[in-house]
Amino acid sequence: MQPTLDSLKVDEYFSQMKTLEDVLSGHKRKLQAIAVEGSVQKLIQFLTDHMHLPQSGILNLVLDPVDGQSLIHLAASHGCVEMVQYLIRTGSVSVNRCRDRNGWTALHCACHFGQWLVCEAILLPAVGAHVLACSSSGSLPMHYAARHRPTPPDRMDVTRYARVVRAMIEKGASVDARNNCGDTPLHHACSRGLVEAAEVGRVHLFYCSISKKKNFLHGNNYSVHTISQLFILLTR
């Protein structure tokens, strides 16, 4: 069968991306360092030095072969707000469509590492990060924000994650959404000792019916102690 114009374009695109991978393979560590540092000026200089290559390809290049993360994932994980904002402003990086091998978006990364400033920045209507975006495990960004366990216990660290949870809920994130294992963000918050995050979730669950509360308590491999914590939070 004769290949269509669309299929030819797709083949050409992937051929170009493969070439780009080969050309920039020696620069991946530099780009990783730029993303982690959050230096927009250095990234702009890198793009200027490689003007012969497609900007979109560079900005979406997979820098971590294990997790499949690109610039926006690394910047969001390290709290580099200006870098994340710059990448989105270029129009070449999508805050929702750019995903790693685990299906994580930039919001998943920011929530996982408690980067509340990044969360607030990409949750703005002008950016529109999806709070209901599912990873490959069926987990929402809220699942990752709520499951953090500070070691050793750090009051500031817990408060930081609670701020992430609060910002997410204000944008419509669900605290009782289940992932593929049947776990919810509130399950994670209680089992990991995130009392503040659980308290935030409790406010939004307080008006649930008794039957819904009972159904909500059926998690995956959670101890009696954890279920007791949930019951106390939901009923007091």
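Quick look at the overall build of the chain
Okay, so step 1: Check the secondary structure of the chain and you find 14 helices and zero strands.
Okay, so step 2: Each of the 236 residues in the chain was classed as buried or not, and the buried ones make up 48%.
Okay, so step 3: Put simply, 69% of the contacts in the chain that link residues at least 6 apart link residues at least 24 apart.
Okay, so step 4: As displayed, the chain offers around 12,500 Å² of accessible surface, 55% of which is attributable to carbon and sulfur atoms.

Quick word on the environment of Lys30
Okay, so step 1: The topology assignment puts Lys30 in helix H2 (residues 28-37).
Okay, so step 2: For the pair Lys30 and Lys42, spaced 12 residues apart in the sequence, the C-alpha separation amounts to 9.9 Å.

Comments concerning the packing of H2 against helix H3 (residues 40-49)
Okay, so step 1: Packing of H2 against H3 brings their axes to within 8 Å, and their N-to-C directions diverge by 150 degrees. Considering the angle they form, H2 stands roughly antiparallel to H3. Residues Lys30, Leu31, Ile34 and Glu37 of H2 lie in contact with H3, whose contacting residues are Lys42, Leu43 and Phe46.

With respect to the state of the cysteines
Okay, so step 1: Here the structure, examined in full by the defined rule, presents zero disulfides.
Okay, so step 2: Note on Cys98: no disulfide assigned, nearest cysteine sulfur contributed by Cys109 at a separation of 9.2 Å.
Okay, so step 3: Among the residues examined, Cys98 registers a relative accessible area of 11% and is labelled buried.
Okay, so step 4: Free cysteine Cys111: the closest other cysteine sulfur is in Cys119, separated by 3.9 Å.
Okay, so step 5: Judged by its relative accessible area of 0%, Cys111 falls in the buried class.

Things to note about the environment of Leu107
Okay, so step 1: Along the chain, Leu107 falls in helix H7 (residues 106-112).
Okay, so step 2: The exposure class assigned to Leu107 is buried, which follows from its relative accessible area of 1%.
Okay, so step 3: Taking the C-alpha atoms as reference, Leu107 lies 7.8 Å from His130; in sequence the two are 23 residues apart.
Okay, so step 4: Aside from chain neighbours lying at most four places away, what touches Leu107 is Cys119, Ile122, Leu123, Ala129, His130, Val131, Pro141 and Met168.

With respect to H3
Because each turn of an α-helix spans 3.6 residues, side chains separated by three or four positions in sequence point in the same direction.
Okay, so step 1: Every buried residue of H3 is listed here: Val40, Leu43, Phe46 and Leu47. Down the axis of H3, the sector holding all buried residues measures 120 degrees, keeping them to one side.

Comments concerning the packing of aromatic side chains
Each aromatic ring pair is described using two quantities: the centre-to-centre distance and the angle formed by the ring planes.
Okay, so step 1: Under the criterion given, the structure shown has one aromatic pair.
Okay, so step 2: For the ring pair Trp104 and Tyr144, a centre distance of 4.5 Å and an interplane angle of 55 degrees mean the geometry is tilted. Within this pair, whereas Trp104 is found in the loop between helix H6 (81-89) and H7, its partner Tyr144 is found in helix H9 (residues 141-146), the two being separated by 40 residues in sequence. The pair Trp104 / Tyr144 is uniform in exposure class, with both members buried.

A short note on the packing of H3 against H6
Okay, so step 1: With their axes 9 Å apart at the nearest point, H3 and H6 run at an angle of 40 degrees to one another. In this structure, H3 uses Val40, Leu43, Ile44 and Leu47 to contact H6, whose residues at the interface are Glu82, Met83, Tyr86 and Leu87.
Okay, so step 2: The class makeup of the residues in the contact of H3 with H6 is seven nonpolar, no polar and one charged.

Some points on the pattern of salt bridges
Okay, so step 1: One pass over the structure, following the stated rule, counts one salt bridge.
Okay, so step 2: A salt bridge links Lys42 to Glu37; the nearest nitrogen and oxygen atoms lie 3.0 Å apart.

Conventions adopted
Residues numbered from 1 in each chain as written. Predicted model: local features only at pLDDT ≥ 70, side-chain atom pairs only at ≥ 80, totals over all residues. Heavy atoms only, no water. Helix = DSSP H or I, 4+ residues; strand = E, 2+ residues; numbered from the N terminus. Buried < 20%, exposed > 50% of the residue type's maximum accessible area, 1.4 Å probe, protein only. Contact = heavy atoms within 4.5 Å. Areas by Shrake-Rupley, 256 points an atom, 1.4 Å probe, with all protein chains shown as cover. Axes fitted to C-alpha atoms, helices over the stretch in contact; angles between N-to-C directions. Parallel < 35°, antiparallel > 145°, perpendicular 65-115°, else oblique. Disulfide = S-S within 2.5 Å. Arc of directions from axis to C-beta. Phe/Tyr/Trp six-rings, centres within 6.5 Å; stacked < 30°, edge-to-face > 60°. Nonpolar A, V, L, I, M, F, W, Y, C, P; charged D, E, K, R; others polar. Salt bridge = Lys/Arg side-chain N within 4 Å of Asp/Glu carboxyl O.

So, to be careful, I would describe these as geometric facts and stop short of saying anything about function.
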